[in-house]
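Summary of structural features
What follows is each chain in one-letter form.
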Amino acid sequence: MKILLSGTSFLARYGGPARSVSQLADALAATDCEIGIWAPDQSAFENPFLDSSSPVQRFGETFELAIKKFGKPDIVHDNGIWLPHNHVVSKFAKANNIIRIVSTRGMLLPWALKHKRLKKLAAWHIYQKADLRSASALHATSDAENISVSRSGIDRPVFTIPNGIKFNHEQQTKHTRKDRATHPLTALFIGRIHPVKGLPMLLESWAKVRPKGWRLKIAGPDEGGHLGHLQTVISRLSLASSVELTGPLDDNAKWDAMYRASLFVSPSYTENFGISIAEAMSCGLPVLTTTGTPWSVIETRQLGWWVEPSSQHLSAALRLACETPVPNLVNIGEKGKVYVLEHFAWPRIA
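Summary of the structure given here.

Cut-offs used in this document
The residue numbering used here restarts from 1 in each chain and proceeds along that chain's sequence as written. Since the coordinates come from a predicted model, pLDDT governs what is reported: local features require at least 70, and pairs of side-chain atoms require 80 or more to be given and counted, while whole-chain, interface and lining totals use all residues. As a rule here, side-chain values come from all non-hydrogen atoms in the structure, and water together with hydrogens is ignored. Numbering of helices and strands starts at the N terminus; helices are DSSP runs of H or I of at least 4 residues and strands are runs of E of at least 2. Radius of gyration means the value over C-alpha atoms here, while the globule rule gives 2.2 Å times the residue count to the 0.38 power. Here the term buried applies to any residue with accessible area under 20% of the maximum for its type, exposed to any over 50%, and partly exposed to those in between, with areas from a 1.4 Å probe on protein chains only. Strand pairing is assigned whenever DSSP identifies at least 2 bridges connecting the two strands. Think of it like this: strands point away, you trace from the first strand over the helix to the second, and a clockwise trace means the crossover is right-handed. Helix axes are fitted to C-alpha atoms over the stretch in contact, other axes to C-alpha atoms as well, and angles between N-to-C directions run from 0 to 180 degrees. A contact between two residues is defined here by any heavy atoms of the two lying within 4.5 Å. Salt bridge, as applied in this entry: a Lys or Arg side-chain nitrogen positioned within 4 Å of an Asp or Glu carboxyl oxygen.

Notes on the overall build of the protein chain
Of regular secondary structure, the protein chain possesses 16 helices and 13 strands. For 350 residues, the compact-globule estimate of 2.2 N^0.38 gives 20 Å, and the C-alpha radius of gyration of the protein chain, at 20 Å, lies within 12% of that figure. Across its three principal axes, the protein chain shows a C-alpha extent of roughly 60 × 45 × 35 Å. Counting across all 350 residues of the protein chain, residues that qualify as buried make up 56%.

The following block contains the structure:
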């Protein structure tokens, strides 16, 4: 079977979708499918998430030229909506009678719909609604996303299949459970520096709690100048001595930061999946996140803290987490590690 996966970008700064679509492609290639990837910014060739030995074929130029080089696929799997290239993929698949699956990647969740609402409302009526209705099926990565997609009025089958994660076995052997108990107390955020991630709210909560002996590390690429806003908030709240903005981390530095941290914090207002949460859990980190993410299992299985996305609730959870003895944090993290190893390995997802 020939499958072509399209994405907006495969560069690391594009965040979770760049990583998850690339790793899905690699995992599907291991099932004896012929797999290609394409993005309009030509980033398939620079993809940092695929090894040079990967059998996944990479295409640039226009979508039509990519198809000519790859050959007519049995399935096109388009990731994302709203953008011009998504419309191009839709029109091409329809004109050439190609099965098209669309992963909405959280873009129909309530917070995402409110962001740039008027532009999206116009696009919805001009082309986006029709494009989704012409898809063979829609893909959601969580039950919450499935509900949002189903409520959009698109009469198409919706399948819920989570993202997988690629386990870093080299780092797992390098860092031990005993090591974590000796590292400085660090709460870690890794992700895009973007308003949806709730980072000003996290800083406000951190200022209220000011946990003794702890540092907050925020790592990730700036998007739309939001980093400048965080720097202003840090200055206003006098947090420079306990908060570090590290900028983006490469893969090795990211895994190293996760293994050295004591707590992972993801204060997002909305996530369709939250791949950094799963990766943190795979490193044995307890997680503090919000009900805007689809990780209710954190509460039901006591793998951390899952609270409303507000300064009040986040502050209370931070206080509880930072007052938890380190051995207890380690035990919570180890339970989360077992859970993600069982449920989110890429071969199972593919």
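Remarks on the pairing of strand β12 (residues 287–290)
On β12, burial covers both faces: V287 and T289 on one face and L288 and T290 on the other are all buried. Sheet topology note: the strand β11 (residues 263–266)/β12 ladder contains three bridges and is parallel. Following the sheet pairing, F264 is matched in β12 by V287. A crossover links β11 with its parallel partner β12, the connecting element being helix α12 (residues 275–282), and its sense is right-handed. Bridging between β12 and strand β13 (residues 304–307) involves four bridges; their strand directions are parallel. If you follow T290 over to β13, its bridge partner there is V307.

Focus: the sheet that holds strand β6 (residues 137–140)
With parallel pairing, the seven strands of this open sheet are ordered in space as β3-β2-β1-β4-β5-β6-β7. Across the chains shown, the open sheet's two edge strands, defined by having one partner strand only, are β3 (57–59) and β7 (158–160). In this sheet, neighbouring strand axes are inclined to one another by 25 degrees on average, regardless of whether the strands run parallel or antiparallel. As paired elements, strand β5 (residues 99–103) and β6 share three bridges and run parallel to each other. Residue V102 lies in a different strand from β6, and its bridge partner there is L138.

A closer look at the sheet that holds β12
Pairing is parallel across the open sheet formed by six strands, whose spatial order is β10-β9-β8-β11-β12-β13. Edge positions in the open sheet fall to β10 (243–247) and β13, since each of these has one partner strand only. Put simply, the sheet's adjacent strands are angled 20 degrees from each other on average, direction ignored.

What about the environment of S235?
One can find S235 in helix α10 (residues 226–236). Taking the C-alpha atoms as reference points, S235 and H87, 148 residues apart in sequence, are found 43 Å from one another.

Looking at the side chain of S6
You can see S6 is positioned in strand β1 (residues 2–6). By relative accessible area, S6 is classed as buried at 0%. Residues in contact with S6, not counting those within four places in the same chain, are W38, H77, D78, N79 and V89.

A few points about the pattern of salt bridges
A full pass over the atoms with the stated rule returns eleven salt bridges. Between R19 and E279 there is a salt bridge, and its shortest N-O distance comes to 3.6 Å. Within this pair, whereas R19 is found in helix α1 (residues 16–29), its partner E279 is found in helix α12, the two being separated by 260 residues in sequence. The exposure class assigned to E279 is buried, which follows from its relative accessible area of 2%. Here R192 makes a salt bridge to E223, at a shortest N to O gap of 3.1 Å. In this pair, R192 sits in the loop between β8 (186–190) and α9 (199–209) while E223 sits in the loop between β9 (215–219) and α10, placing the two residues 31 residues apart along the sequence.

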